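Observations on the model geometry
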Amino acid sequence: MPESPVVWVITTREGLWSEVSEVLAEAGHTTVAVHAEELCETQGPHPDAVLIELAQGEPSVKFLEPLEVHAVACRAPRLFVAADVGQVDGHGGDLEPLTDFMIAEPGCIDPDQLRVRLNQLLSTQRANLERGRQIGLAESARELAGAWSWSLALPTGEFRCSWEIGSMLENRSLWSREELPELTRLLPAEDRTTLTEAITRVAREGGQGTLEHRVARAPGDSRYLLQRFRRVGDTVIGVVLDVTEERQSVHRLQQLAHFDSLTGLVTRHQFLTRLGELLDLAGPDRPVSLLYLDLDGLKRVNDTLGHRAGDILLRQSSDRLRKAVRESGEIGFAVADGERPTLG
């Protein structure tokens, strides 16, 4: 069973302690009575929330500074109970830690309203802590994986990114909601719509998304990025991996598997595979032609002039065939019968 939340009750009216403790006990909370004048000296159990009753005409700021420097209660969310709005004027919803206000006459606190407001405060605090935990885990994973990161705060539209991403985005790591259209224009046109739609879907529906796209950092310098992003609370967070070297390695392997390294022509296996595909599609409206050539005398060139000369002959023959065949044609290369090459 999880431990019951601990609530510090700070007041100068001792009658409030018994009044509130009974109400909160019914809600499963543990209360700790703290006299307002003894707040700085109090060292009780770590509070999950702090309830402060303000005396008539007493401003809330009187307690903010002592709470901010308190060793135990400084990070706990706070619920101020005030007699009139004037005691909490000037405070918005941007206080840190989480702060809420409730208007009630001294001795006339509605127990149901108190339970609801306090439970809302604790639930919001737990959600914020969980969000912080998940973002912290994502940040740790990012560092371990050598990934980059970004976040999009949905309420404000603020976009933040690590310096590696910022270096590709005009060396900026912070963009406002109004600047987001300008930010998306920095993406390659072919990937812009796909990426923005994927992030919008995750922001609206939750879940996660994965997308690989290209970024041109400078003319002739394109990078391939793999993005994974998900919604955590009211924020979409993403990690980015630079997979350029992996894509280049895959491309080199495909070249080695499908193309002859000397002539640049497709290998025998690739040529036969492509020929089979064309024959399957062949018909009266789609004729297929095959020209089969043997290159004689290569062994004599290798034996008399050396293999370097033979390689030059093969490359020149391949280049001439390329120029003679339309772009839609295929040229294959194979060596058989004692180094007599076959071109098709």
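Anyway, here's the lowdown on the structure attached to this text. Quick caveat, the model's predicted, so the values are computed rather than measured. Numbering of residues starts from 1 in every chain and runs along the sequence as written. Where totals are concerned, whole chains, interfaces and linings use all residues; where local detail is concerned, this predicted model gives features only for residues with pLDDT of at least 70, and gives and counts side-chain atom pairs only at 80 or more. As a rule here, side-chain values come from all non-hydrogen atoms in the structure, and water together with hydrogens is ignored.

What to know about the pattern of salt bridges
Any Lys or Arg side-chain nitrogen found within 4 Å of a carboxyl oxygen on Asp or Glu counts as a salt bridge. One pass over the structure, following the stated rule, counts 10 salt bridges. The shortest N-O distance in the salt bridge between R115 and D112 comes to 2.3 Å. Linking R115 with D112, this pair stays in helix α3 (residues 111–145), spanning three residues, or about one helical turn. For D112, a relative accessible area of 47% translates into the label partly exposed. In this structure, the salt-bridge partner of E130 is R133, at a minimum N-O distance of 2.7 Å. In this pair, E130 and R133 both sit in helix α3, three residues apart, roughly one turn of the helix. Only protein chains enter the accessibility calculation, which uses a 1.4 Å probe; a residue is then buried when its area is under 20% of its type maximum, exposed when over 50%, and partly exposed in between. Assessed through its relative accessible area of 32%, E130 is described here as partly exposed. Secondary structure elements are defined from DSSP: runs of H or I of at least 4 residues count as helices, runs of E of at least 2 residues count as strands, and each element is numbered from the N terminus.

Some remarks on the packing of helix α9 (residues 298–305) against helix α10 (residues 307–324)
Axis lines are fitted to C-alpha atoms, over the contacting stretch for helices. Their N-to-C directions set the angle, which ranges from 0 to 180 degrees. Look at α9 against α10: their axes get within 6 Å of each other, and the N-to-C directions meet at 145°. Residue-level contacts link L298, V301, N302 and L305 of α9 to H307, A309, G310, L313 and L314 of α10. Considering only residue class, the contact of α9 with α10 consists of six nonpolar, three polar and no charged. Should any heavy atoms of two residues lie within 4.5 Å, those residues are considered in contact. All amino acids are sorted into three groups, where Ala, Val, Leu, Ile, Met, Phe, Trp, Tyr, Cys and Pro are nonpolar, Asp, Glu, Lys and Arg are charged, and the leftover types, Gly among them, are polar.

Structural notes on the environment of T12
Within the secondary structure, T12 sits in the loop between β1 (6–11) and α1 (15–26). Of the residues examined, T12 reaches a relative accessible area of 40% and is grouped as partly exposed. Along the backbone, T12 and E53 are 41 residues apart, and their C-alpha atoms lie at a distance of 8.0 Å. Aside from chain neighbours lying at most four places away, what touches T12 is H35, A36 and E37.

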